[in-house]
Amino acid sequence: MNNDIEEVLYDQEQIHEAAVRLGQTITKDYAGRKPLVLSVLKGAYLWTADLVREIDLYVDLEFIKISSYHGGVTSSNEIQLVTDVQSDVAGRDVLILEDIVDTGQSLLFLKDLLKDRGANSVQVATFLDKKGGRKIEIDADYVGFDVRNEFVVGYGLDYAGLYRNLPYVGILKKDIYS
Ligand code: PRP
Ligand code: MN
Ligand code: MG
């Protein structure tokens, strides 16, 4: 599996530092509130585990599963709600956790859904922000790393469902998917 990686972009230590940095900022920004942390499966599973342990607040942890890439290398315009959140978000300060914001379509879908359901506030903490991939104008509130416009895998991010268990993020060799 490691042989399929062209270049490592962020190793375990850098990832840990990003989680600590964002966790401290979020702790300050949400002081006195009890946010509902909404982890977006599957990609955000590791980022969620690492980031929430750096947040010193009372949080509710919820999960939602959506799918846009359907395992491929490009985002589809059809976002599928695979598994819905199990609690009421009305009146809550929702903090969405994403592994990556690329075209921005998944994030827009989620923000619209949560606002429609009456969330008090909706913010986003993304591990990676691929600004070069945007198809719509949308920004994350907290960003671990600004990543270049390459197809990256690892630390939750997949190609064809694989590589999510890599402990680092790397660029996938092109011959793997072309
Ligand atoms: C990926 C990623 C984000 C989204 C970002 O999820 O985890 O959720 O796409 O892409 P976008 O900004 O272009 O919408 P994917 O649909 O691959 O599902 P997964 O998390 O289960 O891998
Ligand atoms: Mn995802
Ligand atoms: Mg995916």
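Residues numbered from 1 in each chain as written. Chains lettered and ligands numbered in written order. Predicted model: local features only at pLDDT ≥ 70, side-chain atom pairs only at ≥ 80, totals over all residues.

Engineer: Explanation requested: the sheet that holds strand β4 (residues 80-83) in the structure shown.
Structural biologist: Strand pairs in the sheet, formed through backbone hydrogen bonds, run parallel or antiparallel to each other. Pairing is mixed across the open sheet formed by six strands, whose spatial order is β4-β3-β2-β5-β6-β7. Since the sheet does not close on itself, it has two edges, and those belong to β4 and β7 (142-146), each with one partner. Across the sheet, the axes of successive neighbouring strands diverge by a mean angle of 30°, strand direction being ignored. On top of the sheet, helix α1 (residues 12-29) reaches β5 (93-101), β6 (121-129) and β7; it is set at about 160° to β7, its chief contact. (Pairing = 2+ DSSP bridges. Helix = DSSP H or I, 4+ residues; strand = E, 2+ residues; numbered from the N terminus. Axes fitted to C-alpha atoms, helices over the stretch in contact; angles between N-to-C directions. Contact = placed C-beta atoms within 7 Å.)

Engineer: So what exactly am I meant to see when it comes to the environment of Leu108 here?
Structural biologist: Mapping Leu108 onto the fold places it in helix α3 (residues 105-116). With 16 C-beta atoms packed within 10 Å, Leu108 lands in the partly exposed category. Taking C-alpha positions, Leu108 is 19 Å from Val147, a pair spaced 39 residues apart along the chain. Those residues in contact with Leu108 that sit more than four places away from it in its chain are Ile136 and Ile138. (Buried ≥ 20, exposed ≤ 12 C-beta atoms within 10 Å, placed from the backbone.)

Engineer: It is not clear to me how α3 should be interpreted in this structure. Could you clarify?
Structural biologist: Every α-helix carries 3.6 residues per turn, so stepping three or four residues along brings you back to the same face. Between its first and last C-alpha atoms α3 spans 16 Å; for 12 residues at 1.5 Å apiece the expected length is 16 Å, and the two agree. Of all the residues in α3, the buried ones are Ser106, Leu107, Leu110 and Leu114. The buried residues of α3 occupy an angular sector of 95° when projected down its axis, which confines them to one face. Seen from the buried face of α3, the exposed residues on the opposite side, beyond 90 degrees, are Asp112 and Asp116. Taken together, the buried residues of α3 touch β2 (36-41), β3 (60-67), β5 and β6. (Expected span 1.5 Å × (residues − 1). Arc of directions from axis to C-beta.)

Engineer: What is the right way to look at the pairing of β2 in this model?
Structural biologist: Remark: a regular strand shows side chains that alternate across the two faces of the sheet. Burial runs high along β2: five of the six residues are buried. As paired elements, β2 and β3 share six bridges and run parallel to each other. The partner of Leu41 across the bridge, within β3, is Lys65. Following the chain from β2 across helix α2 (residues 45-52) to the adjacent parallel β3, one finds a crossover that is right-handed. Here four bridges tie β2 to β5, and the two strands are oriented parallel to one another. Along β5, the bridge assignment pairs Val37 with Leu95. (Right-handed = clockwise from strand over helix to strand, strands pointing away.)

Engineer: Explanation requested: the nonpolar core in the structure shown.
Structural biologist: In globular proteins that are soluble, nonpolar side chains generally tend to be buried together. Core analysis: the largest hydrophobic core is formed by 46 residues, its most contacted members being Leu38, Val94, Leu95, Ile96, Leu97 and Ala125. The element that contributes the greatest number of residues to this core is β5, accounting for six residues. With residues up to four places along the chain from it excluded, the contact list for Ala125 reads Leu22, Ile26, Leu51, Leu95, Leu97, Asp141 and Tyr142. (Core = buried A, V, L, I, M, F, W, Y, C linked by C-beta atoms within 7 Å.)

Engineer: Even after reading the chapter, I still don't get the site of ligand 1, so can you show me in this structure?
Structural biologist: Close to ligand 1 lie 18 residues, the nearest being Gly43, Tyr69, Ser75, Thr103 and Ser106. Contributing elements (two or more residues each) for the shell around ligand 1: β5 and α3. Counting residues per element, the shell around ligand 1 draws most heavily on β5, which supplies four residues. A breakdown of the residues in the shell around ligand 1 according to their chemical character gives five nonpolar, eight polar and five charged. (Near = placed C-beta within 6 Å. Nonpolar A, V, L, I, M, F, W, Y, C, P; charged D, E, K, R; others polar.)

Engineer: So what exactly am I meant to see when it comes to the environment of Ile66 here?
Structural biologist: Its place among the elements puts Ile66 in strand β3. Note: C-alpha distance between Ile66 and Lys42 (24 residues apart in sequence) is 7.9 Å. Leaving out residues up to four positions away in the same chain, Ile66 has contacts with Val40, Ile79, Gln80, Leu81, Val82, Ser106 and Phe109.

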